[in-house]
Amino acid sequence: MIQKIRVISTNPNDDLLSKSLLFEIRKNLKINSIKKIRTAKAYRLEGVTEKEALLLSQKLFSEKINQIFSINKSIFNKNYHSFEIAYKPGVMNPEVASIIASAKNLGINLISCDSSREYYFYGNATIKYLKDLIRKLNLLNTTVEHIVEKEPKTLIVRGSPGETSIISIRRVGDEKLMFLSKDKLFLNLSEMKVIQKYFNKLKRDPTDCELETIAQTWSEHSGHKTFKAKLFVDGKEKKPLIERLKNEALKHGKNIVSAFVDNSGVMDFYEGYAISAKGETHNSPSAIEPYGGAMTGTGGVFRDIVGTGQGGKTIISTDIFCLANPNLSPLLLPKGCLPPKYILKRVIKGVADYGNRMGIPTSNGSIHFHDDFRAKPTVLVGAYGIMPKKYAKRGKPKIGDVIVSIGGRVGRDGIHGATFSSGEMTDQTIIVNSQAVQIGNAIEEKRMFDAILEARDKDLIRAIQDCGGGGLSSAIGEIGEATGVSVELKNVLLKYQGLSPWEIWLSESQERMILAISKNNIKEFERICKKYNVEISILGTFDGSKKLKVYYNKKLVANLDMNFLHHGLPQRVLKTVCSNEKVPPFSGWNLEKQKVLMPQTQQQWISTLKKVLSHDNVCSKEPIVRLYDHTVQGTNILQPYGGEKMNGRNDAIVIRRLLVKPYGMVVSHGLNPILNRIDPYFGSIWAATEAISNYVAVGGDYKNASLINNYIWPFPDEESLWSLDKSVDAVCDFMSTLKMPVISGKDSLSSTYRKDNLVIKIPPVLCISVFGKIPDVKKTISSDFKKEDSVICLVGKPDFENMAGSTYLEILFNANNLTMKQFSNIPHIDLKLLPKILTVLNKTIKTGHILSCHDISEGGLITAIFEMCVGGNMGAQIHLPGGRMDSWKVERPDYFLFNETSGCFIVEVRNEKIAKKLFKNIPYLILGKTKKEKLITVKNKNKNLFGAGLDELKKACQEPMKKIFN
Amino acid sequence: MIPKPKVLVLKADGTNCDEELYFAFKLSGGDPKIVHVNELRNKQESLKRYNILAIPGGFAYGDDIVSGKILAVELTSFFSEELKKFTERKDTLIIGICNGFQVLVRTGLLPFGTMSEMQATLTNNDSGHFECRWINLKINPNSKCVFLNGLNTSDGGRLSEREAMTPPRWIVSFQVAHGEGKFFASNETIKTMEQSNLIVFRYVDDKGKPTQKYPDNPNGSLHAIAGITDPTGRILGLMPHPERFVRIEQHPNWRRMKIPKPQGLPIFGNMIKYIKNE
């Protein structure tokens, strides 16, 4: 018998969820027929008496100060329609384990339990209408949840495992081979044929386990086939992308501890420590279940840090999203895609709920909007870590070591995640692949990390591997590559019975890792895990056979040569040519006659500036940062926001991980998908320059920093492969210019949507992240203006003429019904000049001459100045350079103010003399002064262009995200 | 006289501010140790050996059901007697920060020391979401909470430069980082707490007045309550995080204002001093 408990707040005013739903219904959906909503939390308990349920209701589920409960009967008076929304059976509900443990503490043994939420609607509406309303309110995500229509008889998920099946592939034709691959294995014909040949040689057919293992090891997600492919670009052979990146990176290896070989890139830190970084996307799951997708993505990238060397500690989390405009018309949303505002809110909630629970500060990130992300959003999560250097090199299992699985139990969740995320998205994706998504359980991961780090410090861990995409098949396949393994699947701890061997082997159930531990250390390791309530299971040994042997109940279900698995994948040969439709350069735009479009009156200037500041890509993201615990661990030295009113945006973050030492770690990033689409080479240079500018602007030293590159691209057809090639070249040139290495990276090349004639490719994303070390955190600066009447300088040389892809031009063109597509002249960064500027800036910041500094990016020079004014809560008076002042000629004040060349900085110094002395060897320009009066004024040739109140501008800048997140 | 007071920093699954709390006590001259609740349950460790019980922030057991509930049930189920003995000793103090405060309230130890009998609760922020920001707190000058000596003279924090030069007394600036921090109790309970000066910290606005206005009051706490003590003055619970302000550079504006000393530090220093003098 199941006991059902319902809990509600005594005072309807405390039912916050119902209040916000009613608000949404009234304000956004304009529905007045619903008079009232209430919500209840429901718990179902199996295996207890009603008396026991009463005790649990009083002691655990409700608090009589502000709540009331009912057992097995309704809690409200009639006249409502109610819906109960629960996780589908088999989807892990993170609360369940806590409830069972706590009931046990109170002396009550539950067989099983579940929790859910009930919604009560009062007013004139039919059931059908309300179900539709639930959909509009996005209360239900059918991927993981359902409306409970019938009381369940039991909460236990049962089933009996299927047999391992043999799949005939030896004597089938091409068509049948491709039928086997489609929607399941995602391999191409030549790859399928290699598999066929392998089994022909073995004189047997593969088992489902074997075929799935090969498919996931060879998937784009795990195998990075495009990056390893032999490339022909415009008829000429070029080195594989990954080789180009590695070759260049290793030329600049003075700080590298480990690059491209482990789960994250590691560089040297101080006093026997090393720091590491990793960026990872989770786009496909986030497209269909953004909350679960963002959670599991975040959890996965944290495990990459812990899964580095013999175990690292995760100390920073970052989030970078590219989404469609949150106010996109539903009519423009392709079939099978979720509304962007919903995705935005849910991915942020996913990152926040996971990072906050883990106690890892989410302190750096950004959001970029473009409507071509409407079908496939980009969700890029990053993590940074620290570890003693002696534990920083990738571990190698020894023959005889034990294979240990640690962490969560295995269910049917996330099967085919790795192969799924390598496929393009269609309108069927959300239906067919829904099992590839799951909800994360941060606490499971937290206690697992606690146990791993204690075991590491006792020297118990030989090697460690994250269990992510591909599940055990990938984790064990990788960690045992050199030795070979024998694995017994019956030892895997399951969430519920009934999983077939291949499901256990492939399941991507989260919060698990695989370790290699010496036999002698197992007892001690078990003891530590027990202390932290962490479950482990011993799955087998590293046996020296160089084979991957998998048993289920002692019966062999897979037996593959490691060499074939890891090196049997044929190298792809890919061709690409420059498309003839390359957009013409933007010359001629600068014509006098176009000046008519420039703001003319003070009103027009202010209104244009406000439009730029309130543009999605420029507006303040502060309300989002406040949802993240960005200061937990107490390491913050420069926070994402600071200044007089705590709302001035900083360019990067600085932390002091070793709390008693002066050493700092700096983290920043840069990307611009819009520029990348127009010009993949200079767009990528822009992104890398933006990243390093953010880094140097706060006092980071680029000579002691490393890069992480993440490529999120449309499916690499000829056109997209061409831009990918250009982007990789740009990253190599950037490394070579600044003599700094990329030490880790990841590619996700499936961001294309296809349905009938509709093809949507995302603007390609290259995200460059920078991290590194500085000897003294006190020699860092923030972006807020510090003093009244100090001097504001522009440092660097903006490419004023080149405005394509800028926020300003988009606004200007939209207002005049022009389209931006035909222009290709995005700002070019002078790579010869860049190292000089960065070096000077770094030196002058270290010597304490710079009061504040901010780099120029989206929104341009005036936006940077505005943000510094916000931080300082003061105004600024700017003079445009008049006529021909040496090399500075400003023919168009609008271009001067809104140009978005990265690698340029706004700097505050005490007086002009200091500026002259500091910057004599690099381009710079005195712009004006900070002012006490909260007014930003811009003068051109002694004529006032405009003067705008800071508070008015601030309101424009803060409003868009406040509307969504408050 | 106790040379180095021993501090038990209690850890459970999901506790995540333990290291910075450990550091705060270390910096203040204590002898802290992070102890997992399982080590108490299997008697490897005992409260008897310690002077201070510190329950850090985080999400103990995921804050499942409501924040701090599962850990509070665990403590009252297994450690009622031990805790009672601990609080009866004269050389002991208890502090609960954020999640630790939620646990203390749910065990009943705060506000009135009624073990297993909850008198108040901490519930969802009125905003409906998690909030991480710096806020100003006013300290009740009549509180007999032993943690507060010296806090009245500190300055700095999230005050404008002008204000920082003439610091209003009894105001400190800390961070909050929580989703369930709204203090809630019956009118009588709050009245009793007021009368016995159990309310220690209140959220205040720019002028130093207790406020219900978001975001100065980040969660809608009744009577702007941010932190409370018990009738002995030896148990303190608060939502804001003093352990995140024990070094000057932890403040976002150390570059633009003069912060003579980090404002969270005296709380821990006072605790150590108190034990030493017992």
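These numbers come from a predicted model, not from an experiment.

**Quick notes on the overall build of chain A**
Link 1 in the chain: Each helix and strand counted, chain A has 31 helices and 41 strands in total.
Link 2 in the chain: At 29 Å, chain A has a C-alpha radius of gyration in line with the 30 Å of a compact globule built from 966 residues.
Link 3 in the chain: Its C-alpha atoms put chain A at 85 × 70 × 60 Å along the principal axes.
Link 4 in the chain: Of all intrachain contacts in chain A linking residues separated by at least 6 positions in sequence, the fraction that spans at least 24 positions is 83%.

**Overview of the interface of chain B and chain A**
Link 1 in the chain: Listed by partner, the interface residues are 47 residues for chain B and 51 residues for chain A.
Link 2 in the chain: Of all elements in the fold, only α1 (18-27), α2 (37-41), α3 (69-78), β5 (121-123), β6 (131-139) and β7 (171-178) of chain B reach the threshold of two or more residues within the side of chain B that touches chain A.
Link 3 in the chain: When residues of the side of chain B that touches chain A are assigned to their parent elements, the largest contribution, 5 residues, is made by α3(B).
Link 4 in the chain: Its residues assigned to classes, the side of chain B that touches chain A shows 16 nonpolar, 16 polar and 15 charged.

**Remarks on helix α27 (residues 834-846) of chain A**
Residue and element names in this part refer to chain A.
Link 1 in the chain: Taking 1.5 Å of rise per residue, the 13 residues of α27 would be expected to cover 18 Å, and the 18 Å separating its terminal C-alpha atoms lies within 8% of that figure.
Link 2 in the chain: Among the residues of α27, Leu834, Ile837, Leu838, Leu841, Asn842, Thr844 and Ile845 are the ones counted as buried.
Link 3 in the chain: In this fold, the buried residues of α27 make contact with α24 (680-697), α25 (718-738), β33 (791-795), β34 (852-855), β38 (905-909) and α30 (912-918).

**Examining the sheet that holds β33(A)**
Residues and elements named next belong to chain A.
Link 1 in the chain: What the 7 strands build is an open sheet, ordered β34-β38-β33-β39-β35-β40-β41; its pairing is mixed. Bordering the open sheet on either side are β34 and β41 (943-949), each of which pairs with just one other strand. On average, adjacent strands in this sheet sit at an angle of 20° to one another, irrespective of strand direction.
Link 2 in the chain: Across 4 bridges, strand β35 (residues 875-880) lies against strand β39 (residues 924-931) in antiparallel orientation. Considered in β39, the bridge of Gln877 is made with Lys929.
Link 3 in the chain: Along the sheet, α24 contacts β34 and β38; its crossing angle with β34, the most-contacted strand, is approximately 175°.
Link 4 in the chain: Sheet strands touched by helix α31 (residues 950-965): β35, β40 (935-940) and β41. Its angle to β41, the strand with the most contacts, is close to 65°.

**A closer look at the packing of helix α10 (residues 241-249) of chain A against α25(A)**
All names here are of chain A.
Link 1 in the chain: In contact at an axis separation of 9 Å, α10 and α25 are set at 5° when each is read in the N-to-C sense. The orientation of α10 relative to α25 falls into the category roughly parallel. Judged by residue contacts, Leu241, Arg244, Leu245, Glu248 and Ala249 of α10 engage Asp725, Val728, Val731, Cys732, Met735 and Ser736 from α25.
Link 2 in the chain: Looking at the contact of α10 with α25, its residues break down into 7 nonpolar, 1 polar and 3 charged.

**Examining the nonpolar core**
One recurring pattern in soluble globular proteins: nonpolar side chains tend to sit buried together.
Link 1 in the chain: Residues A:Cys793, A:Ile865 and B:Ala54 are the most contacted members of the largest nonpolar core, which totals 352 residues.
Link 2 in the chain: Considering each element in turn, this core owes the most residues, 10 residues, to α24(A).
Link 3 in the chain: Ignoring sequence-local partners within four residues, the contact set of B:Ala54 consists of B:Val7, B:Leu8, B:Val9, B:Leu10, B:Leu21, B:Phe25 and B:Ile95.
Link 4 in the chain: Counting 7 residues, the second largest nonpolar core, distinct from the first, contains A:Ile25, A:Ile34, A:Tyr120 and A:Phe121.

**Structural notes on the sheet that holds strand β11 (residues 235-238) of chain B**
All names here are of chain B.
Link 1 in the chain: Taken in spatial order, the 9 strands of this open sheet run β2-β1-β3-β4-β11-β10-β9-β6-β7, and their pairing is mixed. A strand with exactly one partner marks an edge of an open sheet, and here the two such strands are β2 (31-36) and β7. Each adjacent strand pair in this sheet contributes to an overall mean axis angle of 25°, direction not counted.
Link 2 in the chain: Relative to strand β10 (residues 225-229), strand β9 (residues 199-204) runs antiparallel, the two sharing 3 bridges. Its bridge partner being in β10, Arg202 is matched across the sheet by Ile225.
Link 3 in the chain: Each of β3 (52-55) and β4 (93-97) touches helix α8 (residues 265-277); the most contacted strand, β4, lies at about 165° to it.

**Quick look at α1(B)**
Because an α-helix packs 3.6 residues into every turn, residues spaced three or four apart end up facing the same way.
Residue and element names in this part refer to chain B.
Link 1 in the chain: With 8 of 10 residues buried, α1 lies mostly within the body of the structure.
Link 2 in the chain: The complete set of buried residues in α1 reads Asp18, Glu19, Glu20, Leu21, Tyr22, Phe23, Ala24 and Phe25.
Link 3 in the chain: Buried residues in α1 make contact with β1 (6-11), β2, β3, β4 and α8.

**Observations regarding the confidence of the model for chain B**
Residue and element names in this part refer to chain B.
Link 1 in the chain: Averaged over all residues, the pLDDT of chain B equals 92, while 92% of them reach at least 70.
Link 2 in the chain: Counting interchain partners and residues more than four positions distant, the pLDDT-below-50 stretch residues 153-167 has 27 contacts.
Link 3 in the chain: Model confidence for the complex: the whole-complex pTM is 0.94, and ipTM, which rates the interface, is 0.94.

Conventions and cut-offs
- Residues numbered from 1 in each chain as written.
- Chains lettered and ligands numbered in written order.
- Predicted model: local features only at pLDDT ≥ 70, side-chain atom pairs only at ≥ 80, totals over all residues.
- Helix = DSSP H or I, 4+ residues; strand = E, 2+ residues; numbered from the N terminus.
- Rg over C-alpha atoms; globule rule 2.2 N^0.38 Å.
- Contact = placed C-beta atoms within 7 Å.
- Nonpolar A, V, L, I, M, F, W, Y, C, P; charged D, E, K, R; others polar.
- Expected span 1.5 Å × (residues − 1).
- Buried ≥ 20, exposed ≤ 12 C-beta atoms within 10 Å, placed from the backbone.
- Pairing = 2+ DSSP bridges.
- Axes fitted to C-alpha atoms, helices over the stretch in contact; angles between N-to-C directions.
- Parallel < 35°, antiparallel > 145°, perpendicular 65-115°, else oblique.
- Core = buried A, V, L, I, M, F, W, Y, C linked by C-beta atoms within 7 Å.
- pLDDT = per-residue confidence, 0-100.

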